[in-house]
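Structural overview for review
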Amino acid sequence: MFRLLNAEIYKLRKSRSFYIFIVVTIAFVALMYSTMAVMNSSFQDSADSGMTAMIQDRMQTSGSIWDRIHIMDFMQEIFSGDVMACIIGIFTSIFVIREYGSGMMKNIVGKGRSRSSIYLAKLLAAILASVFFALTGIAAVLILGRIFIGADAFTGELWKNLPPYAALQLLMTCTLTAIFVMIGELCRNLAAGISIGIGIAAFPALILNVVDMQFAGQNITLSQYWPVTRMAGCPFDGFTAGYVAETLAVSLVWMGIATGVGVWHFYRTDIK
């Protein structure tokens, strides 16, 4: 098992797509900050050109836009949209499925290794990569926040809430990765895996939100039991023991289902 895991980590280090998606993650964060910087500059230019105080108040352009935006707003944007889920889904599909196309997986299985060990080693390596993507996004938000917003953004409240928020998001990141690894195992086709991964990242959350509307009067929110919407709805303050326990339960259930189905399919299906 440890030799297989070391081999998977070695392949991860040699993977070009791994470094490409690190750059993509940083570029997305930089784009968010750059967009806000352009908006701030545009608003300031409008104010300097003679915009009346009433219009400034209505458009909320008085002062700097950075005074109304916090680091955690950018942090939530990383995990609340489909960006991180799509990055994880596409990379995991490439990392898992390409070995079926190249015949490498058939050679690994032919050496007599336990199929469960092979699958779990691949899963752990994919989780390690996904966690690194998430940590890269968090680090990029903090570093660029220091550049664009300044030191005043790093308040005591931020440092108090960031660790539990990051821990919960990393937990759901691991769960989401297990689902994408399962999808890669089930389809074993790169184009299909990427397409299904993107679809899984985006559409179930939209469908579940519509379902939530049907049960609006009954306090039933099925969408919160799906990892993507759980990531999007994660608060950045006021964490309760109940919410943390529920998040842990959701993670363990989906992790167990995805891993179990993936290992079962890997055992039962021939590798061509």
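Residues numbered from 1 in each chain as written. Predicted model: local features only at pLDDT ≥ 70, side-chain atom pairs only at ≥ 80, totals over all residues. Heavy atoms only, no water.

Some remarks on the pattern of salt bridges
Threshold: Take a side-chain nitrogen of Lys or Arg and a carboxyl oxygen of Asp or Glu: if they are within 4 Å of each other, that pair is a salt bridge. Counting from the N terminus, the helices are the DSSP runs of H or I reaching at least four residues and the strands are the DSSP runs of E reaching at least two. Any residue under 20% of the maximum accessible area for its type is buried, any over 50% is exposed, and the rest in between are partly exposed; the area is computed with a 1.4 Å probe on protein chains only.
Under the definition given, this model contains six salt bridges. Linking E8 and K122 is a salt bridge whose minimum nitrogen-to-oxygen distance equals 2.8 Å. Note that E8 is positioned in helix α1 (residues 2–14) and K122 in helix α7 (residues 115–148), a separation of 114 residues in sequence. Look at E8 and you get buried, because its relative accessible area is 5%. Of the charged contacts in the structure, one is a salt bridge between R188 and E185, with a shortest N-O distance of 2.5 Å. Overall, R188 belongs to the buried group, its relative accessible area being 18%. A network of salt bridges, in which partner residues are shared, links E8, K11, E99 and K122.

What to know about the nonpolar core
Filter applied, for reference: Here, the term nonpolar core denotes a set of buried Ala, Val, Leu, Ile, Met, Phe, Trp, Tyr and Cys residues that are joined through side-chain atoms within 4.5 Å. Should any heavy atoms of two residues lie within 4.5 Å, those residues are considered in contact.
Counting 76 residues, the largest nonpolar core has Y33, I71, F74, M75 and F133 as its most contacted members. With residues near it in sequence (within four places) discarded, M75 still touches I138, V141, L142, L162 and Y165.

Topic: the environment of P227
Position of P227 relative to the elements: it lies in helix α10 (residues 227–232). Under the relative-accessibility criterion, P227 is labelled buried at 0%. Taking the C-alpha atoms as reference points, P227 and M172, separated by 55 residues in sequence, lie 5.9 Å from one another. Excluding residues that lie within four positions of it along the chain, P227 makes contacts with M172, T175, L176, I179 and W254.

As for the packing of aromatic side chains
Inclusion rule: Note on aromatic contacts: the rings of Phe and Tyr and the six-membered ring of Trp form a pair at centre separations within 6.5 Å, being stacked when their planes are under 30 degrees apart, edge-to-face when over 60 apart, and tilted otherwise.
Inspection of every chain in the model, using the stated rule, returns 14 aromatic pairs. When the centroid spacing of 5.4 Å and the interplanar angle of 20° are considered together, the rings of Y33 and F148 count as stacked. Residue Y33 is found in helix α2 (residues 16–48), and its partner F148 is found in helix α7; the two are separated by 115 residues along the sequence. Judged by its relative accessible area of 0%, Y33 falls in the buried class. Arranged with centres 5.2 Å apart and planes meeting at 85°, the rings of F91 and F133 form a pair that is edge-to-face. Taken together, the residues F91 in helix α5 (residues 83–102) and F133 in helix α7 connect sequence positions 42 residues apart.

Looking at unusual backbone geometry
For R188, which is not glycine, the phi dihedral falls at a positive 55°. Position of R188 among the secondary structure elements: in the loop between α8 (156–187) and α9 (190–214).

Notes on a nonpolar patch on the surface
Quick note on the threshold: Only residues whose relative accessible area exceeds 30% and that take part in no salt bridge are eligible for patches, with like-charged residues grouped when within 9 Å of each other and nonpolar side chains (Val, Leu, Ile, Met, Phe, Trp, Tyr) grouped when within 5 Å. We get accessible surface area from the Shrake-Rupley algorithm with a probe of 1.4 Å; when it comes to residues, only the shown protein chains can shield them.
A cluster of nonpolar side chains, namely M1, F2, L120 and L124, defines an oily patch on the protein surface of about 390 Å² accessible area. As for its placement among the helices and strands, M1 is situated in the segment before α1.

A look at the packing of helix α4 (residues 71–80) against α7
Worth spelling out the cut-off: For helices, the axis comes from a line fit to the C-alpha atoms of the stretch in contact; other axes are also lines fit to C-alpha atoms, and the angle between any two N-to-C directions lies between 0 and 180 degrees. An angle below 35 degrees is read as roughly parallel, one above 145 as roughly antiparallel, one from 65 to 115 as roughly perpendicular, and any other as oblique. In this scheme the crossing of two helices becomes right-handed for a clockwise turn of the near helix relative to the far one and left-handed for an anticlockwise turn of less than a right angle. Under the convention adopted here, Pro, Cys and the residues Ala, Val, Leu, Ile, Met, Phe, Trp and Tyr are nonpolar, Asp, Glu, Lys and Arg are charged, and Gly plus all remaining residues are polar.
The interhelical angle for the contact between α4 and α7, taken along N-to-C directions, is 155°, at an axis separation of 10 Å. For the element pair α4 / α7, the angle class is roughly antiparallel. As for the relative orientation of α4 and α7, their crossing is right-handed in sense. The segment α4 lies against α7, with I71, F74, M75, I78 and F79 engaging A134, I138, V141, L142 and G145. Along the lines of polarity and charge, the residues of the contact of α4 with α7 split into nine nonpolar, one polar and no charged.

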